[in-house]
Amino acid sequence: MSENQITLETIFQNIKDTKRLPIIFVGSGITKRYTDKKYSWEELLKRCIEEYDDNPTNKYKWYRQKIKNEYGIEENDSYQMYKYLGTLIENDFNLSYYEGKIRGLSVPEEEENPLKYFIKELLQTYKIDEKMCQEIEELKKLKDKMVTVITTNYDTFLEDHIFVNHKRLIKQKMFVDSELGTLFKIHGCVSEPSSIVLTHKDYENFNKKSKVLSAKVISLFAENPVIFMGYSITDENIRNFLKDIYTCLENEEEYRAFENRLIIIEYEKGIQNPIVGSHSIYFDGVQIKLTKITLEDFTLLYKEMGKLEDIVELKEIQRLRNLVYQIVYDYNGEAKKVINLLDDEEYDGNEVVVAIGKESDLLDYMGITGISSNDIFDDIVFDLLDSKLRNRYNLLVEKQLPQLLRGNMVLPVHKYLKKTKNEDIIIDDKVRKMAEYSPEDLLNKNIRKDKKSYLESGFSSLEEIFNSDLPNTKKLNYLVLRAALHADDKELKSFLRTYYREFENHIHGPTILRKMVCILDIKAYKNSA
């Protein structure tokens, strides 16, 4: 066995040793590899142009030149270029259809977008490449070994053949459901043509909500390996998602841990044995390192991935929950109270507890475990938990804060340590570590790079910074710097109470909000805790 094979073996043995299943991002390269629909993004757009123009290659070039001239988009800025290409092609395709120039397409009345319906017709049927059947059979064995699948692909190959046990979520549905055992179609699906993300407007709408998706998987990113497959290392979908996640990390330790869990798999013709090495991605002055596996034949890769443990059988857990509910409900013909414990988005499938006992005792404990990290952040600003906790802060500190602090998350703790100062309780190491943070410990690299310019800016209040015309990223960084270095707890609390909801709706606002709330907790309660 070659050194490269041993290295590949080691990568997945290390993953297995963590007892954490991977998240996998799957791009169009997988559909191209295993089906007859071998479209890159550019090839798909040209195929659409072909319906209304006799020279799709020249028309495609014409669109690119028009975008460069009218919108100032650089030739190498493929992410922005494709958004405007989608917009122009959609407009011309739809006009051509309504003018009767596209005769091979019949769009139903209920469908509002002829181009998206055409893409559905083009991609919804496909044939498996028979030469790749052996690889596909090995890939199928991974169906229960990925905790979450995320794809930008429109087609249904993954859910039809590979991740058949995952729950497919499309467009808005992905923002309200759990991420565990889920296949996220983040750019839409041919099964719902209106969901397809194609134009500049589609991407803008998606980006407004993408922070919710990032928030959903950030806890998984904190502990689970992340595999990218079917993408190029330069793909903007990868770069943008990594950028969103990276800005949420708090310190050097988290950066390194995050990088150690990133793996990208790239195809290269002529590679006899897998080549494993490190690779770096750069954006906005930030460098992210990851492990890169380059290979031609994926069979060995899938066999190594197949040695991972299976995910907990979620459908069986759901069936058991419904069965318990039915038994309790039907007992002696009298309805009993059953608490649903399995619809929690933070549930990771590793532990299931069925509790039977006196209602008042169970609710005393379950009321504490029902408190989420969002409840904690809200409470520091608005003092909302006092009535719910009813002096049970000891349970919160001992039981719930350690659970919420899993995965290197930052969380306010000082208010609750102060409440339990005179009680004999056991404080978890994760809570103690969080209690050692100073305001400046919450400033990550992205924020620290603006420290010098902030100190020279002369801003004298959070309000003044918020109402300034600074670029959004710099404004958010200045707000955290002001909170950490100069604002007292009264200024911070007043500001957060006024603008709390506005931060929740900003692309990077929730991360900045959490930092500022943690700083408020430190300044208001640490010295007296």
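These numbers come from a predicted model, not from an experiment.

Caption draft 1: Looking closely at the pattern of salt bridges. Scanning the entire structure with this criterion turns up 28 salt bridges. A salt bridge links K38 to D129; the shortest N-O distance between them is 3.7 Å. Here D129 lies in the loop between α6 (114-123) and α7 (133-140) and K38 lies in the loop between α2 (28-34) and α3 (41-49), a separation of 91 residues in the sequence. Assessed through its relative accessible area of 39%, K38 is described here as partly exposed. In this structure, E70 engages K66 in a salt bridge whose closest nitrogen and oxygen atoms are separated by 2.8 Å. With a gap of 4 residues between them, E70 and K66 both fall in helix α4 (residues 56-71), about one helical turn apart. The network of salt bridges with common partners includes D379, D383, K415, K493 and R497.

Caption draft 2: Geometry of the sheet that holds strand β8 (residues 286-295). The strand order across the open sheet built from 8 strands is β3-β4-β2-β1-β5-β6-β8-β7, with neighbouring strands paired in mixed fashion. Each edge of the open sheet is held by one strand with a lone partner, namely β3 (167-170) and β7 (275-283). Neighbour-to-neighbour, the strand axes of this sheet turn through a mean angle of 25°, independent of strand direction. Pairing of strand β5 (residues 226-229) with strand β6 (residues 262-267) involves 4 bridges; the strand directions are parallel. Looking at β6, one finds that M229 is bridged to I265.

Caption draft 3: How the structure looks around the pairing of β6. Most of β6 is tucked away: 5 of the 6 residues are buried. Pairing of β6 with β8 involves 5 bridges; the strand directions are parallel. Paired with I264 across the strands is K292, a residue of β8.

Caption draft 4: The environment of T247, seen in detail. Relative to the assigned elements, T247 resides in the loop between α10 (236-246) and α11 (252-260). On the accessibility criterion, T247 (17% relative accessible area) is buried. In the structure, T247 is positioned 200 residues away from I447 in sequence and 9.1 Å away in space, judged by C-alpha atoms.

Caption draft 5: Inspection of the packing of helix α5 (residues 78-98) against α6 at higher detail. At their nearest, the axes of α5 and α6 sit 8 Å apart, and the two run at 90° to each other. In terms of orientation, α5 and α6 fall into the roughly perpendicular class. Touching I89, E90, F93, N94, Y97 and Y98 of α5 are P114, L115, K116 and F118, all from α6. By residue class, the composition of the contact of α5 with α6 is 7 nonpolar, 1 polar and 2 charged.

Caption draft 6: Fine view of the nonpolar core. Of all hydrophobic cores here, the largest spans 94 residues; its most connected members are F12, Y34, Y154, I265, I293, L301 and Y302. Top element by residues in this core is α5. It accounts for 8 residues. Core analysis: the next-biggest nonpolar cluster, separate from the first, contains 54 residues, L462, A484, L492 and V517 among them.

Caption draft 7: A look at the side chain of D450. Relative to the helices and strands, D450 resides in the loop between α20 (445-448) and α21 (451-457). Taking the relative accessible area as the measure of exposure, D450 reaches 7% and is therefore buried. Sequence-distant contacts of D450, defined by excluding residues within four places in its chain, comprise K474, N477, Y478 and L481.

Caption draft 8: Up close: unusual backbone geometry. Phi at D383 takes a positive value of approximately 55°, unusual for a residue other than glycine. As for its placement among the helices and strands, D383 is situated in the loop between α15 (373-382) and α16 (386-389).

Caption draft 9: Highlighting α7. Within the span of α7, buried status applies to E135, I136, E138 and L139. Projected down its long axis, α7 carries its buried residues within an arc of 160°, all on one side.

Caption draft 10: Structural context of the environment of C48. Its location among the elements puts C48 in helix α3. Measuring from C-alpha to C-alpha, the distance between C48 and E90 comes to 8.9 Å, with 42 residues separating the pair along the chain. Excluding its chain neighbours within four sequence positions, the residues that come into contact with C48 are I89, F93, L115, F118 and I119.

Caption draft 11: A look at the environment of Y117. Note that Y117 resides in helix α6. With 74 residues separating them in the primary sequence, Y117 and S191 have C-alpha atoms 9.8 Å apart. Other than its neighbours up to four places away in sequence, Y117 contacts L105, S106, V107, P108, E111 and P193.

About the thresholds
- Here the residue index of a chain counts from 1 through its sequence in written order.
- Predicted model: local features are reported for residues with pLDDT of at least 70 only, side-chain atom pairs are reported and counted for 80 or more only, and whole-chain, interface and lining totals are derived from all residues.
- Hydrogens and water are ignored here; the side-chain numbers use all heavy atoms of the structure.
- Salt bridge criterion: a side-chain nitrogen from Lys or Arg within 4 Å of a carboxyl oxygen from Asp or Glu.
- What counts as a helix is a DSSP run of H or I of at least four residues, what counts as a strand is a run of E of at least two, and both are numbered from the N terminus.
- Only protein chains enter the area calculation, which uses a 1.4 Å probe; residues under 20% of their type maximum are buried, those over 50% are exposed, and those in between are partly exposed.
- Two strands pair under a simple rule: DSSP has to find at least two bridges between them.
- Where helices are involved, their axes are fitted lines through C-alpha atoms of the stretch in contact, as for all axes, and angles between N-to-C directions lie from 0 to 180°.
- Roughly parallel means an angle under 35 degrees; roughly antiparallel, over 145; roughly perpendicular, 65 to 115; everything else is oblique.
- Residue contacts are defined here by distance: any two heavy atoms, one from each residue, within 4.5 Å place the two residues in contact.
- Basically, the charged four are Asp, Glu, Lys and Arg, the nonpolar ten are Ala, Val, Leu, Ile, Met, Phe, Trp, Tyr, Cys and Pro, and anything else, Gly included, counts as polar.
- Think of a nonpolar core as a cluster: buried Ala, Val, Leu, Ile, Met, Phe, Trp, Tyr and Cys residues, connected wherever their side-chain atoms sit within 4.5 Å.
- It is the directions from the helix axis to the C-beta atoms that the arc portrays.

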